[in-house]
Amino acid sequence: MQNQIFIFSSNTNVRVSLPAVCFVWQVAMIILFGVFVRYDKEADAHWSETKKEENITSNVENDFYYRYPSFQDVHVMIFVGFGFLMTFLKRYSFGGVGFNFLIAAFGLQWALLMQGWFHSLDPVTGYIYIGIENLINADFCVAGCLIAFGALLGKVSPVQLMVMTLFGVTLYAVEEYIILNLLHAIDAGGSMVIHIFGAYYGLTISWVLYRPNLHQSKRLHGSVYHSDVFAMIGTLFLWMYWPSFNSAICYHGDGQHRAAINTYLSLAASVLTTFAISSLSAKRGKLDMVHIQNATLAGGVAMGTAAEFMIQPYGALIVGFCCGIVSTFGYLVLTPFMEKCLKIQDTCGIHNLHAMPGVLGGVVGAITAATASNAVYSPEGLINTFDFQGNFATRSVTTQGAYQAAAMCVALIFGIGGGALVGLILRFPIWGDAEDDNCFDDEVYWELPEDEESIPPILEYNNHMVTKNPDICESNFSVDQS
Amino acid sequence: MQNQIFIFSSNTNVRVSLPAVCFVWQVAMIILFGVFVRYDKEADAHWSETKKEENITSNVENDFYYRYPSFQDVHVMIFVGFGFLMTFLKRYSFGGVGFNFLIAAFGLQWALLMQGWFHSLDPVTGYIYIGIENLINADFCVAGCLIAFGALLGKVSPVQLMVMTLFGVTLYAVEEYIILNLLHAIDAGGSMVIHIFGAYYGLTISWVLYRPNLHQSKRLHGSVYHSDVFAMIGTLFLWMYWPSFNSAICYHGDGQHRAAINTYLSLAASVLTTFAISSLSAKRGKLDMVHIQNATLAGGVAMGTAAEFMIQPYGALIVGFCCGIVSTFGYLVLTPFMEKCLKIQDTCGIHNLHAMPGVLGGVVGAITAATASNAVYSPEGLINTFDFQGNFATRSVTTQGAYQAAAMCVALIFGIGGGALVGLILRFPIWGDAEDDNCFDDEVYWELPEDEESIPPILEYNNHMVTKNPDICESNFSVDQS
Amino acid sequence: MQNQIFIFSSNTNVRVSLPAVCFVWQVAMIILFGVFVRYDKEADAHWSETKKEENITSNVENDFYYRYPSFQDVHVMIFVGFGFLMTFLKRYSFGGVGFNFLIAAFGLQWALLMQGWFHSLDPVTGYIYIGIENLINADFCVAGCLIAFGALLGKVSPVQLMVMTLFGVTLYAVEEYIILNLLHAIDAGGSMVIHIFGAYYGLTISWVLYRPNLHQSKRLHGSVYHSDVFAMIGTLFLWMYWPSFNSAICYHGDGQHRAAINTYLSLAASVLTTFAISSLSAKRGKLDMVHIQNATLAGGVAMGTAAEFMIQPYGALIVGFCCGIVSTFGYLVLTPFMEKCLKIQDTCGIHNLHAMPGVLGGVVGAITAATASNAVYSPEGLINTFDFQGNFATRSVTTQGAYQAAAMCVALIFGIGGGALVGLILRFPIWGDAEDDNCFDDEVYWELPEDEESIPPILEYNNHMVTKNPDICESNFSVDQS
């Protein structure tokens, strides 16, 4: 064996840091859950008493039955949707789906606590009471961090991802509290809270962690045929279940119903414009899998804020129509521009799929909120939709529109500010990230199976053994012998 | 580079036609939705008023909660089920799942309009009011076109598929109106309306578009190991969610419950007979993935019409038992016969999976309807199941059986007649379809990634670089250098 | 072609036995269903009368709406979850997902009968009345056999699997009757009934069928890159839907709600400890896909018994924390030890994923049952949770704890005893199982497609034909010419 070159510098060893982080944080979760978290009244064994006290006649009124199917759809989006969408790289499929799994499983625990402290803490008992809606919100919070992961895919270590998630969830919970509670903005599907925040958080981190010599990993920075098909699993589960995502925490009845319809339509429209622009931009009209895998989802992102508004079916179609175009152009023009001129390396193109459609969604939400009327919503419908109760009973729809716009700015500020801070933390040379010539390579953090080509069975498929030309054999399989 | 041969004739360029069709049709959708489509009362913000007017005490009575889980299952069948079932070809997986995505996303919009005009148009306001049941029906309608796509897979351009879908949805809506409203036939899971129509529509188009030299693409007309595993994703999601498909629009309560049980049992039985016949027909009893991927689903197709009838559990098992046999024999005997003698090229074997089981389902439906009785159904149950109300209050079950049989003929006529018409339209040499030696090849319409074999990383898996024998290297990687 | 060696001994021919078994058993099912099985009152067309008799005001009270979403999630776990989890072997993916499909489809029919005779038989009419809960229980029963399949994967013939399933379902139904009805133990998610029984049943069979020369198939006993990604589909669907599995047959209301929350948390914790131990145990901290695919699920197994208990969120986290550690250590230490010293070959490591976490779950269940109190549960909640009604109205929680422990022993005894018996039956040399050097090979029971490497299209990707060096060509493609 001549020229043996060791690929890895020693700093990618995460044998101490990764287990340490996992153990310490999981133990911390157990302690904090022990101190703070209990079942809410609908999940507690006292529910049969609660039913009597509150004159609830049927078990079906338990929020579980209203929201559990949506919760499971959202859960699939988080783990299979985001996970498989990130398997498109030819040799980073393990990292894509595996690290997605890790940070989501950690993030949701931390999110239950952070969101609980802000939203579900009982000041009397000091407990956070959790039920099905908390689980959905935790999944939502995790989605923000997974979006950020999309920009960093293949360039950071699992330890960095855990740190990124810890801070991301924390920032998310604060930002969400400001937007939903203080500004009282509506954002059922999280165009602002989830997508704008998550995307700018990830993009800013990526900018801080800029790798000038990333081109040294260019050989791995692309897909192969079957990895693109795997990614379509992610795309389709995201696409199909997005109506559940946007309607999961809407108010019962027409709110959930309308949000599902709007999202369904918006998504359908963005498929058509994505195919159109993708074909229009290529030699001989050939379609690009990157666009189909991503830009088709932009319609769901952009319906996040206005999901339960009376935007009407044609309004939803228009939103989807625009998003498909904007997002596909982003992949064609903006991603290369950002990498070259702004020094932002965005592996999955989250700027096109989450940032821009998120902003569009925020704008649509602000405008449609400002133009809402009693005629269209009915007085009670307006109160239900915008939750004009308590301190906000007298707020006008115009004011609401202004607060929606302000919410968008809050999400943007938290994303960029938080990303800059966390990016700096992640630049410490202690986290075990790979060299520039070893990005997008599962070899760094995973035990990989022997490759299909280097094993004999592929030569045995006609019911008999084949004696190969020994010279060719030797050269083909020199890997094993070296 | 010797003997450079250009594979493509120029007519596969869809750079103008595909974007044009997508844009024009999507804009048309927006305009028509703007003129015609509004939310129905259960999805409208006036729902809180409606509840009071109609004395509805709980939000859970909103049809959304009865049907949304089934809708999502159907949605998965349309996009992942049909999409991945069609990834089995070794080099047409992008086209299988991608074009499935495109035509489904377009088709469902057009279906909402066409079905809306026939079923949900309010004559006073002139609006179509849509809710969750319309979304399910739109997905059903799209299923008909996707079945037809199965016969054409790999042989037509995306523009042709869009045209096929436009006409297919239109024909479907008319046929459905005749069958369900005029003949008042029952077809909850669409054995007739969806499967017979869709299959004969696709088969007739395929017959009109017969390619005498298709054998020139023989090298691509088959699967590889992993493409067969991808196709099993489609098979399994179709198989698992078929009970939801057949029960999705049944009447609330026992109707949905019974339809799910019947379909579950019928599907289970067809798995066993499919394995049996597949093994019986091969040397050494080896199983054929084509049969397992397809014929196992025949039990679901054949329970479409009689899904909510009191066919009893053993009746459902008998239906599944027969379907598995018939469908597998179709793959063994009929598909080669049809290709050779009838000049019908049926890529996915939809005749075996949809046409024959659909006809069987229609016959089972007619017989079981004709033999229904008050004793078995209870008087009220009979009215619920067969919807003997209004104009049809006095119809006897025997008459119902006759109308069920008539409905089957209507589906057949629309399928064959419509297919002949649309086939002729698709023969115009303007649609950008591939030559006979380029069928089943994603290269024609997709930007493909470099192939796995032609990239260096596969040689690096033992933590060190390998210096390969330069001569072998050169020959192995001559593709890139040519 | 020199040295032509026929790989298969003649006894792998299942052309007679497999179809015979499938046909005979399916016909038997039809006859037995005809004699015994009818729809239950909620699925029968008389439901509208039942509603009046029982003063049920809304269709939504039909159990279908409480349980159908959970049922579909469980169904996905059985067919896609277990099926794809077993595709990880490089050349046994067809067998993994295909035989899983076969034995599940047969097993659920036999389970409906066996469980029906024990639980749903009406002594007056002599009929078994089935509804949605029976379908869920049948899927549960099948899960037990699929766990056993995991130990046998790649080493037995499909006929053996059918026999194993027939006996497995039978034993399961008896064991379940003893545990749930006679001992009145609680086991909503089946830590004992499903996992302990299934795992020891499979392990004992594997021990009886020990293959001393299995190392001859070593070349096939591992994964390739993409087969590991396929297996992650199975892992994730199992992981995501496990809350539905454990809550599917809990009592309505807080029971289902709490079971879902507990399982969700336990699973999340086991992901973190699995990653930690996996990284800790490998050179340079590299993660092992086998651990990620399996041990992450241990938290769900171990919450099976205590799912609906008031174990509190932190309790669920502790359970998951321990399981991830125990299960991953199992893969590292126990599986090799068992193979070498105990002569138990466990292909999928079910001892680590099902047996040990199942025992842990049983112990947790016994302890938490014994320490339950009126204060924590409320008197009515205690009755609901432990079903202290009828003959068991006066049972104390301490007694309950003892019976829970006894139930664990019953599951163990049935697993080991039944496995020994069935293993002996499966040793008869009539079942068509492969030789030791042909295990883990789809070639034995499946028609395989030509391999990707042996077909020309991979050389055509640059829009032109390539003339290859004929010498190299000949040697590379000698398989086809031999």
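Higher on the page you've got the structure.
Read on for an overview of the structure. (Residues numbered from 1 in each chain as written. Chains lettered and ligands numbered in written order. Predicted model: local features only at pLDDT ≥ 70, side-chain atom pairs only at ≥ 80, totals over all residues. Heavy atoms only, no water.)

The gaps left among the atoms become clear once a water-sized probe is rolled over them. For the coordinates displayed, the defined rule picks out 11 cavities of 30 Å³ or more. Space inside the second largest cavity adds up to approximately 250 Å³. A:Tyr65, A:Pro69, B:Tyr65, B:Pro69 and C:Pro69 are the residues nearest the centre of the second largest cavity, which is lined by 22 residues in total. Broken down by secondary-structure element, the contributors of at least two residues to the lining of the second largest cavity are α3 (63–85) of chain A, α3 (63–85) of chain B together with α3 (63–85) of chain C. Taken together, the residues that form the lining of the second largest cavity break down as 18 nonpolar, four polar and no charged. (1 Å grid on protein atoms, 1.4 Å probe; cavity = no way out; pocket = protein on both sides within 12 Å on 5 of 7 lines; lining within 4 Å. Points joined across faces, edges and corners; volume = space filled by probe spheres on them. Helix = DSSP H or I, 4+ residues; strand = E, 2+ residues; numbered from the N terminus. Nonpolar A, V, L, I, M, F, W, Y, C, P; charged D, E, K, R; others polar.)

Below, the discussion takes up unusual backbone geometry. Even without being glycine, A:Asn55 reaches a positive phi, approximately 55 degrees. Looking at the secondary structure, you find A:Asn55 in the loop between α2 (47–53) and α3. For A:Asn55, a relative accessible area of 68% puts it in the exposed group. Although it is not a glycine, C:Gln312 sits at a positive phi angle of roughly 65 degrees. Among the secondary structure elements, C:Gln312 is positioned in helix α12 (residues 312–342). (Buried < 20%, exposed > 50% of the residue type's maximum accessible area, 1.4 Å probe, protein only.)

Tallying the contact residues gives 101 residues for chain C and 96 residues for chain B. For the pairing of chain C and chain B, the buried interface totals around 8,600 Å² over both sides, and the portion due to carbon and sulfur atoms is 67%. If you look at where chain C meets chain B, you find 28 residue pairs in polar contact (both at pLDDT 80 or more). Class assignment for the residues of the side of chain C that touches chain B results in 58 nonpolar, 25 polar and 18 charged. Direction of pairing for strand β3 (residues 287–288) of chain B relative to strand β3 (residues 446–447) of chain C: parallel, over a ladder of two bridges. In the strand pairing of β3(C), B:Leu287 is matched with C:Trp446. (Contact = heavy atoms within 4.5 Å. Buried area = accessible area lost by both parts, 1.4 Å probe. Polar contact = N/O pair within 3.5 Å; in protein donor to acceptor, adjacent residues only side chain to side chain. Pairing = 2+ DSSP bridges.)

Right, let's get into the interface of chain A and chain C. Facing 100 residues of chain A, the contacting portion of chain C comprises 98 residues. Our count for the contact surface shared by chain A and chain C stands at two salt bridges. In this structure, C:Lys286 engages A:Glu443 in a salt bridge whose closest nitrogen and oxygen atoms are separated by 3.0 Å. Here chain A and chain C share 28 residue pairs in polar contact (both at pLDDT 80 or more) between them. Secondary-structure elements contributing two or more residues to the side of chain A that touches chain C are α1 (17–36), β1 (37–39), α2, α3, α4 (93–120), α5 (132–152), α8 (225–247) and α17 (470–476) of chain A. (Salt bridge = Lys/Arg side-chain N within 4 Å of Asp/Glu carboxyl O.)

Turning next to the environment of C:Tyr377. Within the secondary structure, C:Tyr377 sits in helix α14 (residues 374–377). Look at C:Tyr377 and you get buried, because its relative accessible area is 2%. Put simply, C:Tyr377 and C:Phe309 are 68 residues apart on the chain and 8.7 Å apart in space, counted from C-alpha to C-alpha. Every residue in contact with C:Tyr377, bar those within four places of it in the chain, is listed here: A:Ala45, A:His46, C:Phe309, C:Met310, C:Ala372, C:Leu382, C:Thr385 and C:Phe386.

For the α-helix, the turn length of 3.6 residues means that residues three or four positions removed from each other point alike. Spanning 21 residues, helix α5 (residues 132–152) of chain B covers 31 Å between terminal C-alpha atoms, matching the ideal 30 Å at 1.5 Å per step. Within α5(B), 20 of the 21 residues are buried, which leaves it mostly tucked inside the rest of the structure. (Expected span 1.5 Å × (residues − 1).)

For the rest of this paragraph, the subject is the packing of helix α9 (residues 254–280) of chain B against helix α1 (residues 17–36) of chain C. Between α9(B) and α1(C), the shortest axis-to-axis distance is 8 Å and the interhelical angle comes to 155 degrees. By the angle between their axes, α9(B) is roughly antiparallel relative to α1(C). Relative to α1(C), α9(B) is oriented so that their crossing is left-handed. From α9(B), B:Leu265, B:Ala268, B:Ala269, B:Leu272, B:Thr273, B:Phe275, B:Ala276, B:Ile277, B:Ser279 and B:Leu280 reach across to α1(C), where they touch C:Leu18, C:Pro19, C:Cys22, C:Phe23, C:Gln26 and C:Phe33. Residue composition of the contact of α9(B) with α1(C), by class: 13 nonpolar, three polar and no charged. (Axes fitted to C-alpha atoms, helices over the stretch in contact; angles between N-to-C directions. Parallel < 35°, antiparallel > 145°, perpendicular 65-115°, else oblique. Left-handed = near helix turned anticlockwise from the far one by under 90°.)

One copy of the chain maps onto the second through a rotation around an axis plus a translation along that axis. Overlaying chain A on chain C yields an RMSD of 0.0 Å, the required transformation being a rotation through 120 degrees with an accompanying axial translation of 0.0 Å. Interpreted geometrically, this transformation is the action of a three-fold axis. Considering only C-alpha atoms, the residue of chain A closest to the rotation axis is A:Pro69, which sits at 3.6 Å. Different-surface contact between copies: only 19% of interface residues of chain A are shared with the interface of chain C. (Least-squares fit on C-alpha atoms with pLDDT ≥ 70 in both.)

Residues and elements named next belong to chain A. According to the stated counting rule, one finds 24 salt bridges over all chains in the structure shown. The closest approach of N and O atoms between Arg67 and Glu133, which form a salt bridge, is 3.7 Å. Here Arg67, found in helix α3, pairs with Glu133, found in helix α5; they are 66 residues apart in sequence, far enough to count as distant. Judged by relative accessible area, which is 5%, Arg67 ranks as buried. Owing to a relative accessible area of 31%, Glu133 belongs among the partly exposed residues under this scheme. A salt bridge links Arg211 to Asp433; its shortest N-O distance comes to 3.7 Å. Pair noted here: Arg211 is in the loop between α7 (191–208) and α8 and Asp433 is in the loop between α16 (397–426) and α17, with a separation of 222 residues, a long-range link. The class of Arg211 is buried, set by a relative accessible area of 7%. Residues joined by salt bridges that share partners form a network here, namely Asp63, Arg67 and Glu133.

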